[in-house]
Structure formats: C-alpha cells, structure tokens
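# Secondary and tertiary structure notes
Each chain, letter by letter, is given below.
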Amino acid sequence: DISHCESIGERAFQGCYSLTSVDLSSCKTIGSESFSGCSALESVGSTKHLTDIPESAFNGCSNLQNIDLSNCISIGRSAFNGCRKIKYLNLNKCTYISSYAFSSCGIEEIDLSSVKTIENNAFNSCSSLTKVTGLKLIKSLPESIFHFCNKLSSIDLSTIESLGANCMSGTAIDSIKLTNLKSWDHGVFNGCKNLISVTFPETIDNIPTWAFCNCENLSTVDLSHCSIIGEGAFSSCTSLKNVTLDSCQNLGESAFSGCTLLKNVTLGCCQIIGARSF
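To start, this report covers the structure provided alongside it. Model, not experiment: these values are computed from the prediction.

Counting secondary structure elements, the protein chain contains zero helices and 21 strands. Seen through its C-alpha atoms, the protein chain measures out along the principal axes to roughly 75 × 30 × 25 Å. Within the span of the protein chain, comprising 278 residues, buried residues form 47% of the whole. The long-range fraction of contacts in the protein chain, counting pairs at least 24 apart against all pairs at least 6 apart in sequence, stands at 11%. Carbon together with sulfur atoms contributes 44% to the accessible area of the protein chain, which is approximately 12,100 Å² in total. Charged side chains in the protein chain number 19 positive and 25 negative. The centres of these two groups are separated by 4 Å.

Encoded structure:
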C-alpha cells in the first residue's frame, strides 16, 4: 500500500507488466521511468499533488485511462508516450511540454493556452486528435509536433511565426491562414490530403522542399511573389491547375512533378530550373 507515500523513486515500478492500479493520492513527486512499461496499468487515483511529470514516467502505459494533470506545470520527455487510452487532459497550468511527451496518445482535443514552451514530436501520431486550441503563447511549432495526427482538422495557425520540419504533415486540415509566418522548414504540410487552400504573407518568398508534397486536394495557392520553390514542394498536388511564378528565380527539382491537372504555368525571369520540375 503506497497510498500514504509522498515520493516514488526512479524506475520504482518499471516493467511491472501485471500492475493494474496504484494510488498516488498522497504523492508529491515521482521519479523518471517510475511506471514505464506498466502496460496493464489502468488507474493511478488522484494525482492533484503532482506538479512535474518526469521523463518516461508513464511511457508505454497503454491501458492508462485517465490522469489528473490540472496542477501540473511541466511534462517531461516521453512522459505519456504510447498511452493510447488517455482521451482527455487538463493542462490549464502547464507551461512546458517536452519532446514526445504525448506521442501516440489517444487524446481527442487539447487546449494549450498556458503552454509557453513545447518541443518536437510532443503530439506525434496522436491518431484520435481532432482539435487543438490555445496557441497564442506559442510562436513556434517545432519539428513533427503534430506529424501523423491524421484526424486533426481544427487548429488556428494565424499567430504562429515559425513552422518546424514536418510539423503539420499528414494532418486533416483543409485550409490554412499563416498571417504572421516568418519562417518555415521542409515538409511542413507534406501529405495533408484534405488541404484545399493556403495563404501566407508576401514577406515569405520561398517554399521549402517537400512543403506541400502529396497535398492532392490543394487547388489554391498564390506563388506570384515567391522567388524560390524548393525541391518537390508541390509534387503530386493533383488538383493544381494554374500556377503563376512571376518572381521565381530558382525552381527546384521535381517541384511540380506529378501535378496531373496542371495546365497553365506562367514563368517570369526564372534563372534556375531543376530537373523534372514539371
């Protein structure tokens, strides 16, 4: 009986595959990997005293169904990685989420209003996630943060200034307004098959490599002010019909390869055209 225990050390119950429940109602601290690999663990009782969840604390607890994080400030790396049955999280006080913290979780909606810092792959492969709100304190989406969240269709990116590599790839978004965008990396929207339109500021004059590759429903995008179109940027965008590249100076290899409906292309003073660009 650990119901009166205030602290649990590192790897205390790691790999206890038959453990189904534990009472953490008095616990104030837990160590890294303390319940890692407890695949049968379903409930942990009240966790209202926990303010920090360390690295891999519940990593691989695939049957954990609920946990109270309402007083939690910090979530460590891979803390809940693979917790597929966690559907809901209260992160109202959470300011920091580390890499892979909720990767492959069963979360359906998430409010990140209090989060100031979030790291790469934090919600990677959350296949049930449909809605993300509260990004006003977050200026940069790191690499692969929502990669393969294939049901994610509701998210406001209008306040985001920087997009990391593959950060939204494979999601279900259908339109994007990047009002405050200042920089983006490769593959940002790769494989967003529902994406129809995207708008971004004229101050952005480059399209990263593979940025919209396999966006098969993308039909509207203004490229008239872009000077650089990266390799494979619009490869297999099979709904694109017209492209205006008045300012393009460097057109990457395979930039529009596989765009089977593309009929009209207007090229300006393009100096470099890569192999198989069309």
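A word on the sheet that holds strand β16 (residues 220–221). Strands sit in the order β12-β14-β16 across an open sheet of three strands; the sheet is parallel. Two strands close off the open sheet at either side, each with one partner strand: β12 (175–177) and β16. With two bridges connecting them, strand β14 (residues 197–199) and β16 associate as parallel partners. Within β16, the residue paired with S197 across the bridge is T220.

The next subject is the pattern of salt bridges. Counted under the stated rule, the structure contains four salt bridges. The residue K182 makes a salt bridge to E161 at a minimum N-O spacing of 3.9 Å. Residue K182 is located in the loop between β12 and β13 (183–184), and its partner E161 is located in the loop between β10 (154–155) and β11 (162–163); the two are separated by 21 residues in the primary sequence. For K182, a relative accessible area of 61% corresponds to the exposed category. Note on E161: relative accessible area 27%, which makes it partly exposed.

With that settled, consider the environment of T220. With respect to the helices and strands, the residue T220 is situated in strand β16. By relative accessible area, which is 46% here, T220 ends up partly exposed. Taking the C-alpha atoms as reference, T220 lies 20 Å from L163; in sequence the two are 57 residues apart. Residue contacts for T220: discarding those within four places in its chain leaves I196, S197 and V198.

This part is about the side chain of S56. Tracing the backbone shows S56 in the loop between β3 (52–53) and β4 (74–75). According to the relative accessible area criterion, S56 is buried, its value standing at 9%. Beyond its immediate chain neighbours, meaning those up to four positions away, S56 contacts E33, S36, R77, S78 and A79.

Before going further, it helps to examine the environment of S219. Within the fold, S219 resides in the loop between β15 (206–207) and β16. The partly exposed category is assigned to S219, whose relative accessible area is 37%. When the C-alpha positions of S219 and T238 are compared, they lie 8.4 Å apart, and in sequence the two are 19 residues distant. Those residues within four positions of S219 in sequence are excluded, and the remaining contacts are I196, S239 and L240.

Thresholds applied
- Residues numbered from 1 in each chain as written.
- Predicted model: local features only at pLDDT ≥ 70, side-chain atom pairs only at ≥ 80, totals over all residues.
- Heavy atoms only, no water.
- Helix = DSSP H or I, 4+ residues; strand = E, 2+ residues; numbered from the N terminus.
- Buried < 20%, exposed > 50% of the residue type's maximum accessible area, 1.4 Å probe, protein only.
- Contact = heavy atoms within 4.5 Å.
- Areas by Shrake-Rupley, 256 points an atom, 1.4 Å probe, with all protein chains shown as cover.
- Lys, Arg positive; Asp, Glu negative; His and termini not counted.
- Charge placed at Lys NZ, Arg CZ, Asp CG, Glu CD.
- Pairing = 2+ DSSP bridges.
- Salt bridge = Lys/Arg side-chain N within 4 Å of Asp/Glu carboxyl O.

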